[in-house]
Structures are given as C-alpha cells and as structure tokens.
Amino acid sequence: LLKTCGRSYDEKVKVLDISTDKAKLIYDFVAPWNKLYRTSFVIRNGIRFDETMVRNDRSFYISSVLKSNKVVYYGACVYKHIINRTGSLVFQSGHYFSNVVQVFRNVFQICKNSGCNGKAFSEVMDVQFNDLFFWYQKCVGTEYEKSAFEAVYDFMHKFCVENKILEKCAPHTVQIVHDFESRLD
C-alpha cells in the first residue's frame, strides 16, 4: 500500500504523468523535504530555494511541479525526520511574516514565468492564500499582529489588485479572500 499526503495506492510504486495536468500535485504536501529529487533535474531547471528565513521551500516545490512531466510515488519510508521542534523557524513565522508575503509574490512570478494558468494556477493561488491566512492567524494576539496586518493589507490592496490575481482564482478562493478582506477593512 502506497501512501502519500493522505492518498493511498494499491501498488508499491506509482508513476503519475503530470505533463498535461500539474494541478494533480498542487495540493500535495508542498514542502520538498518529504520528497526525493534528481540532482540533474534540479540543476538543469535552475530550481532554487527562496532566500528567505521561513517558507523558503514553497518556490522550490512549485517550480519542481511546473517543470516536471512525471512523478514517482514510492511506498517505503526512505528517511525519517524530527518535526515540531520548539525552537525551529516554523514557530517564528510571526517574526518573519514578511517572508510569507514575499514567498507568495515569488510563487506568483514563477507561475507567470512558466505559463502556469487555468486550474493549476488557481490551485497554486488557493494553496498560497490559505498559507498566508494561516500564518496571519498565528500572528493575531501576538506582538506581530500589527506588522502582519499591515503586510496583508498592503499585499491584498496593491499586489493582488495590480496583478489581477483574483480574476484567475477559483470561486471558493475568491470568497475566502473577500471574507478575509472584510475583516481587514
């Protein structure tokens, strides 16, 4: 039984052709550290991590999905890692909230440059908005609330409008954004 990100397969190894439907992988766990990549693929495609303190793996994963044609799911555990360490950067995202916004901008640019559109673009933006709102909520009630609010407000009223992002998003994403905006105003 092959499992990944809540998906189950009856086969030990499953090869997915994603050459025509990148959206198949957008909702998978977007961190690259639960995946293995060919070094030659990463180098050939110029795939890089963002140079931010947190959330720097989003661009890596989205670039990988958009530049790949197939993905192999492997059922066996290849490595183990430690999660949720109290001192990790993930728990300091309030301090680095501007990175969350910057990574959203970077992912948008990656999509734009790669010609990502339609369902795949809509799903990438859905994941990015959910991440943005998730980390904003983590800042509410903390010393970072004001700066996070200002970053989200500025992002929503400038970057999203200038780039007409919501015009290309799924209706449920647009509704979530409008609901969130109503709390900002």
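Everything below is about the structure printed above this text.
To keep things clear, this report deals only with the structure shown in the data block.

Here is what the cut-offs are and how they apply
Residues numbered from 1 in each chain as written. Predicted model: local features only at pLDDT ≥ 70, side-chain atom pairs only at ≥ 80, totals over all residues. Heavy atoms only, no water. Helix = DSSP H or I, 4+ residues; strand = E, 2+ residues; numbered from the N terminus. Buried < 20%, exposed > 50% of the residue type's maximum accessible area, 1.4 Å probe, protein only. Contact = heavy atoms within 4.5 Å. Areas by Shrake-Rupley, 256 points an atom, 1.4 Å probe, with all protein chains shown as cover. Axes fitted to C-alpha atoms, helices over the stretch in contact; angles between N-to-C directions. Parallel < 35°, antiparallel > 145°, perpendicular 65-115°, else oblique. Patch = residues over 30% accessible without salt bridge, like charges linked within 9 Å, V, L, I, M, F, W, Y side chains within 5 Å. Salt bridge = Lys/Arg side-chain N within 4 Å of Asp/Glu carboxyl O. Expected span 1.5 Å × (residues − 1). Disulfide = S-S within 2.5 Å. Phe/Tyr/Trp six-rings, centres within 6.5 Å; stacked < 30°, edge-to-face > 60°.

Turning our eyes to something else, we now look at the overall build of the protein. Regarding its fold elements, the protein presents seven helices and four strands. From first element to last, N terminus to C terminus, the protein shows the α and β order β-β-β-α-α-α-β-α-α-α-α. Counting all 185 residues of the protein, 42% fall into the buried class. When contacts within the protein are restricted to residue pairs at least 6 apart in sequence, those whose partners lie at least 24 apart make up 74%. For the protein, the exposed surface amounts to about 11,000 Å²; the carbon and sulfur share of it is 52%.

As a packed pair, helix 4 (residues 97-114) and helix 5 (residues 118-139) sit with axes 10 Å apart at the nearest point and diverge in direction by 175°. Taken together, the axis directions place helix 4 and helix 5 in an arrangement best described as roughly antiparallel. Contacts between helix 4 and helix 5 involve Phe97, Val100, Val101, Val103, Phe104, Val107, Phe108 and Cys111 from the first element and Phe121, Val124, Met125, Gln128, Phe129, Asp131, Leu132, Trp135, Tyr136 and Cys139 from the second.

A word on a nonpolar patch on the surface. Nonpolar side chains collect at one region of the surface, where Val13, Val15 and Val72 lie side by side and expose about 250 Å² of accessible area between them. Looking at the element boundaries, valine 13 is found in strand 3 (residues 13-17).

Side chains that are three or four residues apart share a direction in an α-helix, a result of its 3.6 residues per turn. With 22 residues, helix 5 ought to run about 32 Å at 1.5 Å a step, and its terminal C-alpha atoms sit 32 Å apart, in line with that. Here helix 5 lies mainly inside the structure; 16 of its 22 residues are buried. Remark: glycine 141 follows helix 5 within two positions and exhibits a positive phi of approximately 85°.

Now for unusual backbone geometry. Phi is positive for lysine 164, which is not a glycine, with a value near 50°. Counting through the fold element by element, lysine 164 comes out in the loop between helix 6 (145-162) and helix 7 (171-184). A relative accessible area of 47% places lysine 164 in the partly exposed class.

Our next topic: the state of the cysteines. Counted under the stated rule, the structure contains zero disulfides. Of all cysteine sulfurs in the structure, the one in cysteine 116 sits closest to cysteine 111, which takes part in no disulfide; the separation is 4.1 Å.

Here we come to the packing of aromatic side chains. All chains considered together, the criterion is met by eleven aromatic pairs. Taken together, the ring pairs in this structure connect Phe104, Phe108, Phe121, Phe129, Phe133, Phe155 and Phe159 into an aromatic cluster.

Evaluated as defined, the whole model comprises four salt bridges. A salt bridge links aspartate 131 to arginine 58, with the shortest nitrogen-to-oxygen separation between them at 2.9 Å. Of this pair, aspartate 131 sits in helix 5 while arginine 58 sits in helix 3 (residues 58-67), placing them 73 residues apart in sequence. What makes aspartate 131 buried here is its relative accessible area of 8%.

Once that is clear, we can look at the environment of valine 72. Along the chain, valine 72 falls in strand 4 (residues 70-74). Sequence spacing of valine 72 and lysine 14 is 58 residues, and the spatial spacing of their C-alpha atoms is 5.6 Å. Beyond its immediate sequence surroundings of up to four residues, valine 72 is in contact with Val13, Lys14 and Val15.

Any functional reading would require information beyond the geometric quantities listed.
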